Amino acid sequence: MPVASLLPFTVTPNRKSASPTSFRLTEKFILLLVFSGFITLCFGAIFFLPDSSKLLSGVFFRSSSVEAETRAGTVSDTNHEKALLEAKDTLQKGASEIKQDIKSDKEKLALNGQGKGAKTDSLPFVQYERPPGATGHEPADPDIKAKRAKIKEMMQFSWDNYKRYAWGSNELRPVSKQGHSSNLFGSLKGATIVDALDTLYIMEMYDEFEAATEWVERNLDFNMNAEISVFEVNIRFVGGLLSAYYLSGKEVCKLRVMNIRKVLNRLDKPQGLYPNYLNPNSGQWGQHHVSVGGLGDSFYEYLLKAWLMSDKTDEEGKKLYYDALQAIEKNLIRKSSGGLTYIAEWKGGLLEHKMGHLTCFAGGMIALGADGAPDDKTGHQMELAAEITRTCHESYTRTSMKLGPEAFRFDGGVEAIATRQNEKYFILRPEVIETYMYMWRFTHDPKYRQWGWEAVQALEKYCRVEGGYSGVRDVYANTPNHDDVQQSFYLAETLKYLYLLFSDDDHLPFEHWVFNTEAHPLPVIKKQNPEIANQLK
């Protein structure tokens, strides 16, 4: 999820406390932004792989000879395998070794780039000018202003209860009023704090933002003792590499990204589609399961948003995205007998007529990319985005609670309804709200704000409890059975998108900001900014 959050700078503040103009970022906070910013956007495409550490090795950990051959476009399979083996050894390093590597890189930077007297225990100072719209102003319309204020109150309520009952824990159990952590996080702590930082700032909750950044400075620790997922290990390790890159200016950051594209371009793609699994040893696709929802959604966003973040100069990313979208439309998108457009899943050549809540982000994605569509397809893609958005709204309206299920089906005479018990839950997910926000920005059709407000009312009625907000286990029931988890992405994504849905368009305008898959806004790298643009050449 690049590039204000990627730059290893400390911004010199105009005043001590956080403000809409500037604030001081500590080294740990820089690492935090690196984590939350670059990883999911640029590497969502590979982190959903079953053993992504091996695939990452061919991208991140490269000998000088491999790097030279990459530049020349002549990397051989033998060298690729060699890089994989080197990476396997590198990934065995302990936390102390990784920290020592980072320290060594800082010392080299001090000696080679900043003079002998430079400090090695802090990141360099770089003056940074934010793009416009980091904070907004109150809407002129009194009704919209009141609804926006209500959403901010929901954020305040969520945050206050997390701070009261679960401060420092990953998430909050709002019914039992205690901290919660899933295996996803391993021994990492403070996921809600990390995830909610930019939401606090966007909503101008500066006291809360100060408290959050103070916790990050004092307590955020990436030295993990417990067993964690490969994803989390990669997050930590890649984070160290990114820090080294932005300290030293090595080109390995970009060559991560570009090498994986070369691999993807070279592979034969069934029906032009990208399966969810790639075998890192053979370099071939694993099981042929294609989804625009879980396991695959971040990949397609990555292609589009890499192009947008480059100020639309990344032609390769653009082509990959539109080619993939064409294959999705041909092979996955269907229309039900009742006229609802949905995105099915493709398993070994057979369609499963199921659409997940996660897939509902696609309406917003297609709308976001419609302006650059080839062959005068802008209008068609906007219509497609609107149809998908309508289908996702229907999945909400056809439940008792007016909240959408985890997945809904189009078979056996049902449409946009979950038919299996393990698909009827709602865990405060943001994807439908996300698409409403995009559709509102591009069309200003009032129905999208109306649909968003319906979701607010449902959240208040069925998910709000004394200690925060909780997911529900069955959206078709008349009374809620709470799952007792306030997900970190509820603060990071759902409430942020709702707030922006009722904000003016100059609050985080799309020409200056790109949202990654976790709703973290990142600045477009403008062509006229040579200092930043040159880093990516």
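All of the points below concern the structure found in this document. Worth saying up front: this structure is predicted, and the values here are computed from it rather than measured.

## Some remarks on the overall build of the protein chain
And then number 1: Assigned secondary structure in the protein chain consists of 18 helices and 15 strands.
And then number 2: If you sum the accessible surface of the protein chain, you get close to 22,400 Å²; carbon and sulfur atoms cover 49% of it.

## A closer look at the packing of aromatic side chains
And then number 1: Per the counting criterion, the structure on display carries 18 aromatic pairs.
And then number 2: Residues Y438 and F510 carry aromatic rings whose centres are separated by 5.2 Å and whose planes lie at 35° to one another, so their mutual orientation is tilted. Of this pair, Y438 sits in helix α15 (residues 431-443) while F510 sits in the loop between α17 (488-501) and β14 (513-515), and the two are 72 residues apart along the sequence. In terms of burial, Y438 and F510 fall into one category: buried.
And then number 3: Chaining the aromatic ring pairs together yields one cluster made of F157, Y469 and Y490.
And then number 4: Between K163 and the ring centre of W167, over which it is positioned, the NZ or CZ distance is 5.5 Å.
And then number 5: Stacked on the ring of F157, the Lys or Arg R464 has its end atom at 3.8 Å from the ring centre.

## Some words on helix α7 (residues 191-202)
And then number 1: Most of α7 sits out of view: 12 of its 12 residues are buried.
And then number 2: Those residues of α7 that sit buried are A191, T192, I193, V194, D195, A196, L197, D198, T199, L200, Y201 and I202.
And then number 3: Backbone geometry just downstream of α7 places E204 in the positive-phi region, at approximately 60°.

## Section: the environment of L500
And then number 1: Tracing the backbone through its elements, the reader meets L500 in helix α17.
And then number 2: The contact partners of L500, leaving out residues within four places of it in the chain, are I202, M437, R441, H507, L508 and F515.

Reading guide: rules and limits
Residues numbered from 1 in each chain as written. Predicted model: local features only at pLDDT ≥ 70, side-chain atom pairs only at ≥ 80, totals over all residues. Heavy atoms only, no water. Helix = DSSP H or I, 4+ residues; strand = E, 2+ residues; numbered from the N terminus. Areas by Shrake-Rupley, 256 points an atom, 1.4 Å probe, with all protein chains shown as cover. Phe/Tyr/Trp six-rings, centres within 6.5 Å; stacked < 30°, edge-to-face > 60°. Buried < 20%, exposed > 50% of the residue type's maximum accessible area, 1.4 Å probe, protein only. Lys NZ or Arg CZ within 6 Å of the ring centre and 35° of its normal. Contact = heavy atoms within 4.5 Å.

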